[in-house]
Amino acid sequence: MLLRPGTVNFKEKWKCLEETVQSILKLDTIPRDVWHARFNDIYYMCGAFPEPHDDKLYESTKLLLETHVSQLLTLIQTEGTQNQLQNYCTYWQKYIKGITLLDSLYQYFNNTNRAYAETRSLHRRESDEPTMMMIRELGLDVWNRIIIVPLKDSMPKLLLDEFDKPRYKLSITTPLDTVAIILKSFIEVLEFNKKYPLELYQSYFEQPFLERSSEYFERESKKLSEELTVSEYIARVLVIMKEEEIRANKYLHESTYNKLQSKFCQIVVVDNLSFLHGESEAMIREERLNDIRNIYLLLCNVKDGFGSLGDVFKELILKQGNKVLESLNKNQIYVHFVEDILELHKKYKSIVADVFNNDFYFSEALDTAFTIIVNYKLEENQPSKAPEYLSKYCDKLLKKSCKGLSEAEIEHKLLQSITIFKYIDDKDIFQNIYQMHLAKRLILRQSQSIVGEEGLINNLKQVCGYEFSNKLHCMFTDISVSEELNIQFQKEFLKTTKNELNLSFSANILQTGAWPIIVSTKSFVIPEQLLNYSKNFEAFYKEKFVGRKLTWLHHQSQGELKLNYLPKMYIVTLHMFQMSILLLFEKFDTLKYSEINEILQLSDDHFQKQINSLVDCKLLLLDGDNLKLNMDFSNKRTKLCITSAVLKDIPQEIEQSINSVEIDREGFLQATIIRIMKMRKTLGHNKLVIEIISQTKSFLPSTGFINRSIKILIDKGYLECSPNLPVEYNYVA
Amino acid sequence: MIVDAVQEREDEFSEYGNCKGPNALYIKLISSDGYDFIVKREHALMSGTIKAMLSGPGQFAENETNEIHFREIPSHVLHNVCMYFTYKARYSNSSTEIPEFIIKPQIALELLMAANFLDC
């Protein structure tokens, strides 16, 4: 035999082929040769001469399939409804296997047919005869027409009943796997229907299934809501939801679960929403975490399910916050302020993460609540104390005198304080106060580690932006440069004057712009012991850096004196002014009050303070108007420091910094407004306010403040009111 | 000694795989004039018809040789078909320059019909 087309006797060939097809459908084993031979047969039939036997082949095959399937149908129908599902399943599985094998057998036929059908569609001829389908498609179509359609009244109902049984805890007669296979068959039968493959599945099964499920949910929810309390109801309902989910995912088509879940939510949750909400607020207030977790799981899928729960949560946090604020320990109030609030924050943050699954809605509520708590104002018109407290807290942690905490702990606490920093509204006030404290620490060399300081500043920079830390970095550079300069000065001084140094001397050079130090006393006269050095240093510096002006800040200077006039030697660290007063007593034993002031030329209140501090620590004795050294001075310690009395944080300093910040803010706001208006030319009032608020990150301007600034700018002539009615502003160049 | 020699040869072949059993590496294609062509299974599976034939009902038994009789394809045609399998396997998804597959005009028509039948 050759592959050339030849005449073919259809009937003969078909007889053999028919036998084979029948045995395939019954899934009998077929000898290899027979199987191979059939391929040839089909090839010859399709390539027959004078005319191909395609159509006859197709028709005969179709007839054969139809007969076979009808037989199966009668079998199913006569064997009783109890076993119907099982039978259908077994027959279906056999059939689909057979069809697959047939399809591969008829492969040549399929290929020629497909090419033919494509060319037909290319020519777009209206075909009177239905196009021949491929064998697989044919088989599925036959099954669909002949078995599924007649059974459509009885079978879906059986399927639904089976599926319902687990819900009512009845025993299942047909395993659900069978049900799953049957459902799949509905979908597979329409495999070639590209537009609407789920049509059968949905109309036969899904629709009535959803209806039944709704009925079930309604009944259950009613029953449960009457019998159980809210928390029990929620727990039970969640269990049901889980069960349904497992069943649906295992046995049903994937699209069904979503619809089922929305029905479930609708009936069980939404319709009972008022019932649920009745308890939910109480749950949050009493912080019953398990209940809240459950109710969150239920409500998270429902739109607007939370209602006012977020607000209730916020209220709760606010209440707790207020309690904490009121009970703050007055001693070192700033430490307790920071640490207690951090604890509270940690607690609620973990609740949001754990119970609310970091839901955006609730973490927003948390943030709002904490912003209110942190910026809590003691009195209405005063700015809040938070920047001051936080700055003092950081100051305490960064000083050398912070003992009892390891380096890691300090770092950890500093990191945590950043959390509070984020909530502060008046970040620029914090910046000013922090700068003040940092200046003190750097000058008096109190800071524990430069690395720690810089670390904290970097963290603040991340929250606030670059300009924040610019000045602070300048301060660090100044200190390190000054140290180098001092070393150089010592070397040079030793070279030029061959005098023995009986003092050690060092100076810090500070840039005016970067340091928050105000020059106050200009008229102070330096004691003569130090005069030589200061003159030399000035000359040395001027030689190095031509054209720079130096101003001595005596009120920031410190010195150490060795007291040799007493039986025991003492080393005392003193403020500059105190030291100069004491140095006068080198020459005189007793001095009059007014005399001292004449020599030193200090302002009166400063002078008073210094004298008082010396008298208080018993270094000087006050006798009417005379002052003299106390020869009976004694102290347990050898090394003393009496600068603290003079250098303590005066509330005035803080007020000063707040005021300067206010002035800065005004300027900043006006500059922002002008910048915005220059870009936009014309802008409505509301939009302008929104723009302003989005651009000012370091503080929150109040509406009154903004309005005032706008008025000022109009007066100055930068803006004008447009003649249109909705309030608009035009930029005047 | 003869027995040993045979044993050795069997062992040699077992290194190279054989045609027996369902997972055999090679299959045998038999032409109409009795020639056996042993080709790699994966090469032959490029032909749709051969693939369908091999996936028929009933797997090959463990000792049964995988073979297909082509009673209508002569050996000179089947020979070219096997060469084509190798050619296609070598140059599919290859970035090197693909040489022409040379077909002698005398067998072209028969080869065409065989290709149609074998769907490759």
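Residues numbered from 1 in each chain as written. Chains lettered and ligands numbered in written order. Predicted model: local features only at pLDDT ≥ 70, side-chain atom pairs only at ≥ 80, totals over all residues. Heavy atoms only, no water.

Let us now look at the overall build of chain B. Each helix and strand in chain B was counted, giving 5 helices and 3 strands. Listed N to C, the secondary structure of chain B is α-β-β-α-α-β-α-α in terms of helices and strands. Relative to its 120 residues, chain B shows a buried fraction of 36%. Of all intrachain contacts in chain B linking residues separated by at least 6 positions in sequence, the fraction that spans at least 24 positions is 60%. Carbon and sulfur atoms make up 53% of the accessible area of chain B, which totals about 7600 Å². (Helix = DSSP H or I, 4+ residues; strand = E, 2+ residues; numbered from the N terminus. Buried < 20%, exposed > 50% of the residue type's maximum accessible area, 1.4 Å probe, protein only. Contact = heavy atoms within 4.5 Å. Areas by Shrake-Rupley, 256 points an atom, 1.4 Å probe, with all protein chains shown as cover.)

This part takes up the overall build of chain A. Across its full length, chain A carries 29 helices and 9 strands. Relative to its full complement of 733 residues, chain A shows a buried share of 44%. Of the contacts formed within chain A by residues at least 6 apart in sequence, a portion of 71% connects residues at least 24 apart. A total accessible area of about 40200 Å² is found for chain A, and carbon and sulfur atoms account for 52% of it.

An ideal rise of 1.5 Å per residue puts 32 Å on 22 residues; helix 15 (residues 333-354) of chain A measures up with 32 Å between its terminal C-alpha atoms. Buried positions along helix 15 of chain A lie against helix 13 (289-299), helix 14 (309-326), helix 16 (360-374), helix 17 (386-398) and helix 18 (407-423) of chain A. (Expected span 1.5 Å × (residues − 1).)

Bringing the pairing of strand 2 (residues 36-40) of chain B into the picture now. Residues and elements named next belong to chain B. Burial along strand 2 is one-sided: Phe-37 and Val-39 are buried, while Asp-36, Ile-38 and Lys-40, pointing the other way, are not. Note that strand 1 (residues 26-30) and strand 2 share 5 bridges and pair antiparallel. Along strand 2, the bridge assignment pairs Tyr-26 with Lys-40. Connecting the antiparallel pair strand 1 and strand 2 is a turn made up of 5 residues, with Gly-34 showing a positive phi of about 85°. (Pairing = 2+ DSSP bridges.)

Where like charges cluster on the molecular surface, the negative patch consists of Glu-211, Glu-215, Glu-218 and Asp-271 of chain A. Following the sequence through the fold, Glu-211 of chain A ends up in helix 9 (residues 199-227). (Patch = residues over 30% accessible without salt bridge, like charges linked within 9 Å, V, L, I, M, F, W, Y side chains within 5 Å. Salt bridge = Lys/Arg side-chain N within 4 Å of Asp/Glu carboxyl O. Lys, Arg positive; Asp, Glu negative; His and termini not counted. Charge placed at Lys NZ, Arg CZ, Asp CG, Glu CD.)

All names here are of chain A. At a closest axis distance of 10 Å, the pairing of helix 23 (residues 576-584) and helix 25 (residues 604-616) adopts a crossing angle of 70°. When the axes of helix 23 and helix 25 are compared, the pair comes out roughly perpendicular. Where helix 23 crosses over helix 25, the handedness of that crossing is right-handed. Of helix 25, the residues touching helix 23 (which contributes Phe-577, Gln-578, Ile-581 and Leu-582) are His-606, Phe-607, Gln-610, Ile-611, Ser-613 and Leu-614. (Axes fitted to C-alpha atoms, helices over the stretch in contact; angles between N-to-C directions. Parallel < 35°, antiparallel > 145°, perpendicular 65-115°, else oblique. Left-handed = near helix turned anticlockwise from the far one by under 90°.)

Our next topic: the pattern of salt bridges. When the charged atoms of two side chains lie near each other, side chains of opposite charge can form a pair. Residues and elements named next belong to chain B. Here the structure, examined in full by the defined rule, presents 7 salt bridges over all chains. Residues Lys-28 and Asp-36 are paired through a salt bridge, measuring 3.9 Å at the closest nitrogen-oxygen approach. Residues participating in the shared-partner salt-bridge network are Lys-28, Asp-36 and Glu-67.

All names here are of chain A. Helix length check: helix 16 (15 residues) gives 21 Å between terminal C-alpha atoms against 21 Å at 1.5 Å per residue, within 8%. Looking only at helix 16, the buried set comprises Phe-362, Ala-365, Leu-366, Ala-369, Phe-370, Ile-373 and Val-374. Viewed end-on, helix 16 has its buried residues packed into an arc of 155°, placing them on one side of the element. Buried positions along helix 16 lie against helix 13, helix 14, helix 15, helix 17 and helix 18. (Arc of directions from axis to C-beta.)

Looking now at the confidence of the model for chain B. All names here are of chain B. Scored by pLDDT, chain B comes out at a mean of 78, with 73% of its residues at no less than 70. At the level of individual helices and strands, chain B shows its lowest average pLDDT in helix 1 (residues 2-16), which scores 52, and its highest in helix 4 (residues 75-91), which scores 90. Both scores are given for the predicted complex: the pTM is 0.61, the ipTM 0.74. (pLDDT = per-residue confidence, 0-100.)

Okay, the sheet that holds strand 5 (residues 626-629) of chain A next. Hydrogen bonds between backbone atoms are what pair the strands of a sheet, whose relative direction is either parallel or antiparallel. Residues and elements named next belong to chain A. The strand order 3-5-4 describes an open sheet built from 3 strands, whose pairing is antiparallel. Each having just a single partner strand, strand 3 (590-592) and strand 4 (620-623) make up the two edges of the open sheet. The mean inter-strand angle of the sheet, taken between neighbouring strand axes irrespective of direction, is 25°. Bridge analysis of strand 3 against strand 5 gives 3 bridges, and the strand direction is antiparallel. Pairing of Thr-590 across the sheet is with Lys-628, part of strand 5. Contacts between helix 24 (residues 593-600) and the sheet are confined to strand 3 and strand 5, with strand 3 contributing the most and set at about 80° to the helix.

All names here are of chain B. Strand order in the open sheet formed by 3 strands is 2-1-3, and the pairing between neighbours is mixed. The open sheet has two edge strands, strand 2 and strand 3 (67-69), and neither has a second partner. Shown here is a sheet whose adjacent strand axes are inclined to one another by a mean of 25°, direction ignored. The pairing of strand 1 with strand 3 spans 3 bridges and is parallel.

The next subject is the packing of aromatic side chains. When we look at a pair of aromatic rings, we describe it by the centre distance and by the angle of the planes. If you walk through the whole model with that rule in mind, you get 9 aromatic pairs over all chains. The interplanar angle of 50° and the centroid separation of 5.7 Å between the aromatic rings of Tyr-216 of chain A and Phe-217 of chain A together place this pair among those described as tilted. Ring centres of Tyr-84 of chain B and Tyr-87 of chain B lie 6.1 Å apart, and the angle between their planes is 35°; on these two criteria the pair is classed as tilted. In this pair, Tyr-84 of chain B and Tyr-87 of chain B are both assigned in helix 4, 3 residues apart and thus about one turn of the helix distant. An aromatic cluster is built from Tyr-84, Tyr-87, Tyr-91 and Phe-101 of chain B, whose rings are joined through pairwise contacts. (Phe/Tyr/Trp six-rings, centres within 6.5 Å; stacked < 30°, edge-to-face > 60°.)

Right, let's talk about the nonpolar core for a bit. Formed by 174 residues in total, the largest nonpolar core has its most connected members in Tyr-88, Tyr-106 and Trp-143 of chain A together with Leu-29 of chain B. Of all hydrophobic cores here, the second largest spans 30 residues; its members include Met-576, Phe-577, Leu-584 and Phe-633 of chain A. (Core = buried A, V, L, I, M, F, W, Y, C linked by side-chain atoms within 4.5 Å.)

Residues and elements named next belong to chain A. Within the fold, Arg-136 resides in helix 6 (residues 135-148). The class of Arg-136 is buried, set by a relative accessible area of 17%. The spacing of Arg-136 and Ile-99 is 37 residues in sequence and 5.9 Å in space, taken between C-alpha atoms.

The next subject is unusual backbone geometry. Positive phi, normally seen in glycine, also occurs at Asn-93 of chain B, with a value near 55°. Considering the arrangement of structural elements, one finds Asn-93 of chain B in the loop between helix 4 and helix 5 (105-118).

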